[in-house]
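The residues making up each chain are set out below.
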Amino acid sequence: MADYRWPEAGKRSLIGKRISRLDGPVKSSGRVKYTYDVDRPNMLYGKMVLSPYAQATIKSIDTTAAEKMPGVKAVQVMREPGTEILWAGQEVVAVAAETEEQARDAARRVVVNYEKLPHLVRDVEPAKAGDRAKPAAEQTEGDPDKAFQEAEVTVEGQYGCSVITHCCLEAHGQATEWEGDNLTVWASTQNVSGIGGEFATGLKIPAGNVRTLTPVMGGGFGSKFGADTWGVACAQLAKKAGRPVKMMLERDHELMVAGARPSIHAKVRVGAQKDGTITAWSSESWGTGGMGTGGSPRLPYVFRIPNQRKRHTAVLTNIGPVRAWRAPNHPQLCLITMAALEDLAAKLGIDPVEMFLKNIGMTGELSKVYAAELQKAAELIEWQKKWHPRGDKAPGVIKRGLGISLHTWGGGGHPSNCACAIHPDGSVEVSLGSQDLGTGTRTVIAIIAAETLGLPLEAVKVNIGDSHYPQSGGSGGSTTVGGVSASTRRATTNALNELLAKMAPSLGVENDQLEAVGGRIQVKGNPSKGMSWKQACAKLGTTPINATGQTSITTPTGPSARDLISSGVGGVQMAEVAVDIETGVVKLEKLVAVQDCGLIIDLKTAESQVYGGCIMGVCYALYEEKIMDEQTGRCLNPDMEFYKLAGIADIGELVVHMMTGPGYDERGVIGLGEPPVISSGALTPDKVLAALEKGGAA
């Protein structure tokens, strides 16, 4: 009888190997169909009227002229007169027409009268924000006053990072089609199973009437969980017109309002003894990210400094809705903490690796993991050979140095349901209402199913991307791989045990004496006594085996889900950078990322996620920023020309090392999507120049 638990290292045929993504060929050849590629019969196109003001009240809306425009089939008012606009680019009216050009022309003919109101769109200190500053309660641990008095060394600095956008290469949007009272939505979403409920609420129909299809998607990074106002409006247009409607956001709208990672800035003071023991932390932080206040950030990051005082103030701004961005809040907090600790090490004249190791006990349960990762990263970047105290004395304008950062993340699996079907012809299907954001979810599911059933990878068909499949959680918080891994393992194990029970009489043994391996059902320890997989399945007659499995984080039946998955990972990154002290240009020479994530299902896609996280980290550290105009309240760079991303020549050398094997595998599967992006924060050229003008001070 098959066991739920993961097979031991010596008995794994697929798990932990380097396996290419199953959807790689169709994606790289351009054959796969994204939401942008959906083309329904007799389909219309939707466009929206957007507010030009960052804060205003809608006084009146006149759609008469737009409704008479050629090709227009439906108009939907999204925000009624009397409601308040809170950011430039907020949606007011949607129009559907025969062509995109006709819809765009009609949107221009809608007349909206606004009463303009004062706005705030810039990162400003709380003292300059007036009543938009919302302070949280001060937090104190230990006795920071005494600790600072007794500290032999203190360092002070101000650190921060600006608002950036999600910049999904496939913009937000959907195609919608009605059949009676039933709605089908082809959506670019991270939440196939859950987004239908939002459509149902907005449209006032039963949730069971909504079907969501997302076979593939082109980027979300935390911004594509909801139906959004444009999703509901698209469905309303389709209902009014009696025809399918597709409405994808224009690039400027995408960058204006479809995603914003909040900024954070902080004045930090750190105290320590001369031997490098950190004793005290004090920070006054503030951040902007829209109209939400949020909570207090968990500073300092990773290190639990014993004596600390923290004050945080949220500053409400009219820049668009804040959305979770890959590892929400962690990159910002990591940058502030690691920059402050690096400054402390510099003032002490201590190698920061040595200082981090000296204080590694403050990182808690992951301290041994961090210690091992620090040593491995230092080896890979040749830290002892390349590190020098601050102030590169080498001749010329190019100065080089090393940086170090630690990060953490949870990554526990989400609730998930999986259905496994074993057919009499030997074919196998596993179905989940999950989605693949490009991380390799399809491949991971197939690996687990094939490993469990003793089959080659190509023998398993994976069905995801459809809300009609068993419900599975949204892809956020790095929870997908844990959720789908456990439910797939359970479903396929349950199906296999049904098959073994049916085969046992034919082989004259009890079912607990059978195993599935190498495409065969055979007696354990006696491979000659068995039959091929297809021969075994043929004995099912005309009735397939249908089994289910569940990942329940609360009270699972049978062996605990925690036997298969867990949470809590640590990672270390070290960067070698070159700075031109005349221009301020920062060039990444080499970035080493050492990461753990428990049991690795597919080493190739795991490494790929780390590479992707590092590339994204370089982008936000050196290039990205959402630039707002204080006078007009509008975004000044909502396009791919001036919203900068790194090109391949800007990345430098990336080295990835996964911590795996004994000591890691026993923890089971842990999510990996977000941790690698956290540690890559750095200074941008304008800030480098500003620091140089002050004699090198941050």
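Residues numbered from 1 in each chain as written. Predicted model: local features only at pLDDT ≥ 70, side-chain atom pairs only at ≥ 80, totals over all residues. Heavy atoms only, no water.

What follows deals with the environment of Ser 51. As for its placement among the helices and strands, Ser 51 is situated in the loop between β1 (44-50) and β2 (56-62). By relative accessible area, which is 3% here, Ser 51 ends up buried. Sequence-wise, Ser 51 and Gly 89 are 38 residues apart; in three dimensions their C-alpha atoms are separated by 5.0 Å. Once you skip the residues sitting within four places of it in the chain, Ser 51 turns out to touch Ile 85, Trp 87, Ala 88, Gly 89, Gln 90, Val 92 and Tyr 114. For Ser 51, the side chain forms a polar contact with the main-chain oxygen of Tyr 53, separated by 3.0 Å. (Helix = DSSP H or I, 4+ residues; strand = E, 2+ residues; numbered from the N terminus. Buried < 20%, exposed > 50% of the residue type's maximum accessible area, 1.4 Å probe, protein only. Contact = heavy atoms within 4.5 Å. Polar contact = N/O pair within 3.5 Å; in protein donor to acceptor, adjacent residues only side chain to side chain.)

Let's shift gears to the sheet that holds strand β17 (residues 398-409). Taking strand neighbours across the sheet as the criterion, the four strands line up as β17-β25-β26-β27 in an open arrangement whose pairing is mixed. For this open sheet the edge positions go to β17 and β27 (653-659), each flanked by a neighbour on one side alone. Each strand axis lies, on average, 15 degrees off the axis of its neighbour in the sheet, ignoring direction. Bridging between β17 and strand β25 (residues 569-580) involves twelve bridges; their strand directions are antiparallel. In the sheet register, Gly 401 faces β25, and the bridge partner there is Val 577. Contacting β25, β26 (586-596) and β27, helix α15 (residues 603-622) runs over the sheet at an angle of about 135 degrees to β27. (Pairing = 2+ DSSP bridges. Axes fitted to C-alpha atoms, helices over the stretch in contact; angles between N-to-C directions.)

Among the structural elements, Cys 161 can be located in strand β9 (residues 153-161). For Cys 161, a relative accessible area of 12% corresponds to the buried category. In this structure, the C-alpha to C-alpha distance between Cys 161 and Glu 624, residues 463 residues apart in sequence, is 10 Å. Residues within four places of Cys 161 in sequence aside, it is in contact with Asp 123, Arg 261, Ser 263, Ile 264, His 265, Gln 332 and Leu 335.

Glancing now at the domain arrangement of the chain. Often, the extent of an interface is quoted as the loss of accessible area upon association of its parts. What the domain assignment reports for the chain is domain 1 (9-32 + 415-551), domain 2 (35-118 + 172-248) and domain 3 (260-411 + 566-692). A straight line from the C-alpha centre of domain 1 to that of domain 2 covers 39 Å. Each partner contributes residues to the interface: domain 1 has 18 residues there, and domain 2 has 15 residues. Summed over both partners, the interface of domain 1 with domain 2 comes to about 1,300 Å²; 48% of that surface belongs to carbon and sulfur atoms. Our enumeration of links across domain 1 and domain 2 arrives at one salt bridge. Arg 211 is the salt-bridge partner of Asp 466, the closest N and O atoms lying 2.5 Å from each other. (Domains from an automatic or database assignment. Buried area = accessible area lost by both parts, 1.4 Å probe. Salt bridge = Lys/Arg side-chain N within 4 Å of Asp/Glu carboxyl O.)

Side chains Val 245 and Met 247 project from strand β13 (residues 245-248) onto one buried face, and the interleaved Lys 246 and Met 248 project onto a second face that is buried too. In terms of strand pairing, strand β10 (residues 173-179) meets β13 through four bridges, oriented antiparallel. Bridging from a neighbouring strand, Ala 175 pairs with Lys 246 of β13.

On to the nonpolar core, then. For soluble globular proteins, the rule of thumb is that nonpolar side chains tend to be buried together. Counting residues in hydrophobic clusters, the biggest one holds 84 residues, and the most contacted among them are Leu 406 and Met 574. It is helix α8 (residues 330-348) that contributes the most residues to this core, ten residues altogether. Of all hydrophobic cores here, the second largest spans 49 residues; its members include Cys 418, Ala 450, Leu 500 and Trp 533. (Core = buried A, V, L, I, M, F, W, Y, C linked by side-chain atoms within 4.5 Å.)

Right, let's get into the packing of helix α5 (residues 195-203) against helix α6 (residues 228-241). Packing of α5 against α6 leaves a shortest axis separation of 10 Å and a crossing angle of 60 degrees. When the interaxial angle is binned, α5 and α6 end up oblique. Where α5 crosses over α6, the two elements pack in a sense that is right-handed. Contacts from Glu 198, Phe 199, Gly 202 and Leu 203 in α5 reach Asp 228, Gly 231, Val 232, Ala 235 and Gln 236 in α6. For the contact of α5 with α6, the class distribution of residues is four nonpolar, three polar and two charged. (Parallel < 35°, antiparallel > 145°, perpendicular 65-115°, else oblique. Left-handed = near helix turned anticlockwise from the far one by under 90°. Nonpolar A, V, L, I, M, F, W, Y, C, P; charged D, E, K, R; others polar.)

Bringing α6 into the picture now. The end-to-end C-alpha distance of α6 is 20 Å, a good match for the 20 Å that 14 residues give at a rise of 1.5 Å each. Backbone geometry just after α6 places Gly 242 at a positive phi near 70 degrees. (Expected span 1.5 Å × (residues − 1).)

Let's shift gears to the side chain of His 407. With respect to the helices, strands and loops of the structure, His 407 is situated in strand β17. Classification of His 407 by relative accessible area gives buried; the value is 0%. Here Ser 679 takes part through its side chain, which lies 2.7 Å from a polar atom of the side chain of His 407.

Attention now goes to the pairing of β25. The buried count for β25 comes to eleven of twelve residues, which makes it a mostly enclosed element. In the sheet, β25 pairs with β26 via nine bridges, with the strands oriented antiparallel. Across the sheet, residue Val 577 finds its bridge partner in β26, namely Leu 588. Hairpin connection between β25 and β26: a loop of five residues separates the two successive antiparallel strands, and Gly 584 in this loop has a positive phi of roughly 80 degrees.

We now examine a nonpolar patch on the surface. Residues Leu 169, Met 640 and Leu 645 make up a contiguous nonpolar surface patch of roughly 280 Å² in combined accessible area. Taking the relative accessible area as the measure of exposure, Met 640 reaches 38% and is therefore partly exposed. (Patch = residues over 30% accessible without salt bridge, like charges linked within 9 Å, V, L, I, M, F, W, Y side chains within 5 Å. Areas by Shrake-Rupley, 256 points an atom, 1.4 Å probe, with all protein chains shown as cover.)

To continue, consider the sheet that holds strand β4 (residues 84-85). Spatially, β4-β2-β6 is the arrangement adopted by the three strands of the open sheet, whose pairing is antiparallel. Strand pairing shows two members of the sheet lacking a second neighbour, β4 and β6 (111-116), which therefore form its edges. Here β2 pairs with β6 via six bridges, running antiparallel. Counted as the bridge partner of Asp 62 is Val 111 from β6.

The next thing to look at is the pattern of salt bridges. It is possible for side chains of opposite charge to pair when their charged atoms get near one another. Enumeration according to the criterion identifies 33 salt bridges in this entry. Its salt-bridge partner being Glu 284, residue Arg 311 comes within 3.1 Å of it at the nearest N-O pair. Of this pair, Arg 311 sits in strand β16 (residues 307-315) while Glu 284 sits in strand β15 (residues 278-288), placing them 27 residues apart in sequence. Classification of Arg 311 as partly exposed rests on a relative accessible area of 36%. Relative accessible area serves as the criterion here: at 39%, Glu 284 is assigned to the partly exposed category. Via salt bridges that share partners, Glu 138, Asp 145, Glu 284, Arg 309 and Arg 311 belong to a single interconnected network.

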